[in-house]
Every structure is written in structure tokens, then in C-alpha cells.
Amino acid sequence: MRQRLTFAWLCIAVASCTSSGETVSLQWHDVFALEDTILINPIDDIPISRISKIAVYNGYLYVLDGINRRVLIRHPEGTWESLGRQGSGPGEFQFPTSLEVDSRRRLYVFDIDGRRLSIFYPTSRGYVYKNQFSIETAPIDMEVLGKFLYMLNRSGEYIVAKYNLEKGGIQVKQAIKRKGTPYERFVFRFNLGGMALLDSAKLAILYPGLKPMVVLDTQLVIVDTLGILGQRGLPPIPDFPTTLSPYEYTDKHAKWWGKHWHPLDILHVKDHYTALIFYREQQKDVSLQKLYLYSSQEKKVIFHVEVPQGEWILGMFTGKLYTEVTPREDTIAALIRVYRFQDNILDL
């Protein structure tokens, strides 16, 4: 009975805010239910410090432990595999920043040192190093679809690039010329923005230099616009102060930065739903996140919810949300929480 009453109340709240043009704010427990927790104890006697990136595919969990220059792989039966070590040789990492896995469970790890993309193949004895390519730009985010690698670029003239993995990682196309606004130049240091692979094999882009969230096909042609930041319940891109230089970071910059919500990532939920992640630095080493559920069908935000303080969104895979619990100084283990949407919440 309580669940039905809660759902009815949520429907009324969403309908009320929709008619008034506002965006309804929900509580975390009204939207998500905890489904699983994954504890990562020290592996090879090395504790994980902070999780850089994760990927999930077919029961496998891939955790990029960038500080320790390795990838940790959790197999469906619960065993762990450690991949990589510090170095610049084959299968080694210096500063790994991103990873992705394709439909054949091939693993791609980008190392900003030398801009190397290393590729690992699964075998019955675990993953083995296959080869590596040099990539022209460094990614904020990346997706693999078939023989092509798509990158949301951190720098360079264009925002998105496409590479052919079967032809030595050669770049075959670029799209969306960078505008170079002061805000875009300033947030370069924070790696903001995201790219989500939709069910329709299209790419949704959220980037600080773009007010519209665009959808690209596999040829990097813009085929749709999800929405425009600052409209229909979406937070705006903050106006960068004309009195500050976008090439510095001073106490004045930090004060301005902490007052605003900034676009961080975009995640595919299911069907026409995407989740937009915004964040704000409340104080040093304390960051807050908000998740906006956006409907591309209705072209508006359905609701938003604040992420519990002390948790950081890592990604969404097969409709489940993964977060990292901020570790205490005295802990030697990492903790990942896995959430599912509450029943009927996507029917609001």
C-alpha cells in the first residue's frame, strides 16, 4: 500500500511541476533501490585508491585503477583479475584515463602518456595484450561500435572523432568544430562532458561548449537535438566572468566555480530516456552531483534527484546505476553500489 501511495504522490508532483514549467525534485530513495554492493579489497597486496572509470558487460566488471596503473576485472563468478603495470611497454600504463569494452569483450584502455590506445583480448586464461595504436587526441569519453572507435575529444579543433580500429587506428572523420568560448577553455582542466551510445546506434553528446545536446549517427552527422541547456528544466551553462582569465585557476576562480552546477556526463537509461549528470564543488574535496532524467520524446526533464553526499556516479549499464562510495582515509578497500530504478518510476 505504501509503495502505491508513494507512486501516486510522485505522479501528482511530476504533473504539477510539468504544468507549471518547473522541474520536480525527488528523493534518492524514491527513484533508486539498492540492488548490490561490490567490495574491492586489496588485489596483489595493492589497495585501490580511487576509481577512474568502469565498464560493465555480460556480468564482467572492469575497473580502471589509474593511480596504480592497472585494470581490475571482476568475472561473473566473483574472481578478480589484475591487468597491466607501470611502464611504457606493451600492456603497460603510465597515466591511463579511460577504458571501454566491446561486444566481443575486447578491452580498450587509453593512456594519455604517448596518447596510446592499448587493446586486450579475452582468453580462457584471462586477458592478453594484443596491440596498441597512437591516437591524435585525448578523450573525455569514448565508445566502440563494430570496428570503429568514437571519441569525445578533450582538446583539438573538433569535439568528436572517429577511428578505424581495423586500419591501425587511423582517424577517418571529425565533427562539431570547437567554439573556444571562455567557459570551454576554463573547464578544459576538469574533463567535463560525456558521450552515450543509444539503443539506435546513435551517439548523444553533452559538452560544456555546446548549449544543445546533439545526437550523431555513425557517420558523425547531427541527426537530432535532445534539448538545449537552460531550457525545459535543464540547467544552463554558467556565464564565465569577464573579469577572470580562462587560462588560470585562482581563489576567485574557485569561488565562482563552486557557485554553479556544471555539465559532467550523459548516460543512456533506456528507450528515449537519458540521465544528465551535473556537479558542483561545495568545498574542497567535497563535490555534489544531480541526476536529471530527460525524455527525448517529450523534450524535457521529467525530474531531478541529488546524489547522496559521499557517492559519485560511475556510469549506467543495462539500466543500472553504479556509484563509488568515497573512501575514508583509513580504509584500504573500495566500495561500489549498484542501484536499479524503483518500480514504475520511468512511467511517471
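Here the structure is a predicted model, which means the values were calculated and not measured.

Caption draft 1: Fine view of the sheet that holds strand β6 (residues 80-83). If you trace the 4 strands from one edge of the open sheet to the other, you get β3-β4-β5-β6, paired in antiparallel fashion. Looking at strand neighbours, the two that pair on one side only are β3 (53-57) and β6, the edges of this open sheet. Ignoring which end each strand starts from, the neighbouring axes of this sheet average 15 degrees apart. Inspection of the sheet shows β3 paired to strand β4 (residues 60-65) by 5 bridges, in the antiparallel sense. Bridge pairing in β4 links Tyr-57 to Tyr-60.

Caption draft 2: Spatial organisation of the pairing of strand β8 (residues 107-111). A large share of β8 lies buried, amounting to 5 of its 5 residues. Alternating positions in β8 separate into two faces, Leu-107, Val-109 and Asp-111 on one and Tyr-108 and Phe-110 on the other, with burial throughout. Pairing geometry for strand β7 (residues 96-101) and β8, over 5 bridges, is antiparallel. When the bridges of β8 are listed, Val-101 appears paired with Leu-107. Both β8 and strand β9 (residues 116-123) contribute to a ladder of 5 bridges, which runs antiparallel. Pairing of Tyr-108 across the sheet is with Ile-119, part of β9. Hairpin geometry of β8 and β9 is characterised by an intervening segment of 4 residues between the two adjacent antiparallel strands and by a positive phi of about 80 degrees at Gly-114.

Caption draft 3: Representation of the packing of aromatic side chains in the model. All told, the structure shown has 22 aromatic pairs when counted by the stated rule. With centroids separated by 4.5 Å and ring planes inclined at 40 degrees, the aromatic side chains of Trp-28 and Phe-32 adopt a geometry described as tilted. Residue class for Trp-28 comes out buried when judged on its relative accessible area of 11%. Centre to centre, the rings of Phe-278 and Tyr-292 are 5.5 Å apart; their planes meet at 70 degrees, and the pair counts as edge-to-face. Of the two residues, Phe-278 is situated in strand β20 (residues 273-283) and Tyr-292 in strand β21 (residues 286-295); the sequence distance between them amounts to 14 residues. Each member of the pair Phe-278 and Tyr-292 is classed as buried. One aromatic cluster in this structure is built from Tyr-183, Phe-186, Phe-190, Phe-240, Tyr-249, Trp-256, Trp-257, Tyr-279 and Trp-312. Positioned above the aromatic ring of Phe-148 is the side chain of Lys-162, whose terminal nitrogen or guanidinium carbon lies 4.2 Å from the ring centre.

Caption draft 4: Quick peek at unusual backbone geometry. One non-glycine residue, Arg-115, adopts positive backbone phi at about 50 degrees. Here Arg-115 shows up in the loop between β8 and β9. Residue Arg-115 is classed as partly exposed on the basis of its relative accessible area, which comes to 34%. Look at Asn-344: it is not a glycine, yet its phi comes out positive at around 75 degrees. Summarising the element assignment, Asn-344 is placed in the segment after β25 (334-341). Judged by relative accessible area, Asn-344 falls into the partly exposed class, the value being 41%.

Caption draft 5: Examining the pattern of salt bridges more closely. If you walk through the whole model with that rule in mind, you get 12 salt bridges. Across the pair Asp-102 and Arg-106 runs a salt bridge, and its minimum N-O distance is 2.7 Å.

Caption draft 6: Looking closely at the sheet that holds strand β12 (residues 148-153). Pairing is antiparallel in the open sheet, where 4 strands are placed in the order β11-β12-β13-β14. Looking at strand neighbours, the two that pair on one side only are β11 (139-145) and β14 (170-177), the edges of this open sheet. Taken over all neighbouring pairs, the strand axes of this sheet differ in orientation by 20 degrees on average, direction set aside.

Caption draft 7: Examining the side chain of His-304 more closely. Tracing the sequence through the fold places His-304 in strand β22 (residues 300-306). Its relative accessible area of 11% is what places His-304 among the buried residues. Once residues lying within four places of it in the same chain are set aside, the contact partners of His-304 are Thr-23, Val-24, Ser-25, Leu-26, Lys-290, Leu-291 and Tyr-292.

Caption draft 8: Quick peek at the pairing of β14. Where strand β13 (residues 158-164) and β14 come together, 6 bridges link them in antiparallel fashion. Residue pairing across strands places Asn-164 opposite Ile-170, the latter belonging to β14.

Caption draft 9: Quick peek at the nonpolar core. One finds Phe-32 and Leu-321 to be the most contacted residues of the largest nonpolar core, which totals 51 residues. Non-local contacts of Phe-32, meaning those with residues more than four positions away in its chain, are made with Leu-291, Val-305, Leu-321, Tyr-339, Arg-340, Phe-341 and Gln-342.

Caption draft 10: Spatial organisation of the confidence of the model for the protein chain. Residues of the protein chain with pLDDT of at least 70 account for 91%, and the chain-wide mean is 88. Low pLDDT, under 50, characterises residues 1-9; the stretch is placed with 5 contacts to residues that sit more than four places away or in other chains.

Caption draft 11: The environment of Gly-114, seen in detail. As for its placement among the helices and strands, Gly-114 is situated in the loop between β8 and β9. With relative accessibility at 52%, the residue Gly-114 sits in the exposed group. In sequence terms Gly-114 and Ala-138 are 24 residues apart; their C-alpha atoms lie 9.8 Å from each other.

Each value, and the rule that gives it
- Residues numbered from 1 in each chain as written.
- Predicted model: local features only at pLDDT ≥ 70, side-chain atom pairs only at ≥ 80, totals over all residues.
- Heavy atoms only, no water.
- Pairing = 2+ DSSP bridges.
- Helix = DSSP H or I, 4+ residues; strand = E, 2+ residues; numbered from the N terminus.
- Axes fitted to C-alpha atoms, helices over the stretch in contact; angles between N-to-C directions.
- Buried < 20%, exposed > 50% of the residue type's maximum accessible area, 1.4 Å probe, protein only.
- Phe/Tyr/Trp six-rings, centres within 6.5 Å; stacked < 30°, edge-to-face > 60°.
- Lys NZ or Arg CZ within 6 Å of the ring centre and 35° of its normal.
- Salt bridge = Lys/Arg side-chain N within 4 Å of Asp/Glu carboxyl O.
- Contact = heavy atoms within 4.5 Å.
- Core = buried A, V, L, I, M, F, W, Y, C linked by side-chain atoms within 4.5 Å.
- pLDDT = per-residue confidence, 0-100.

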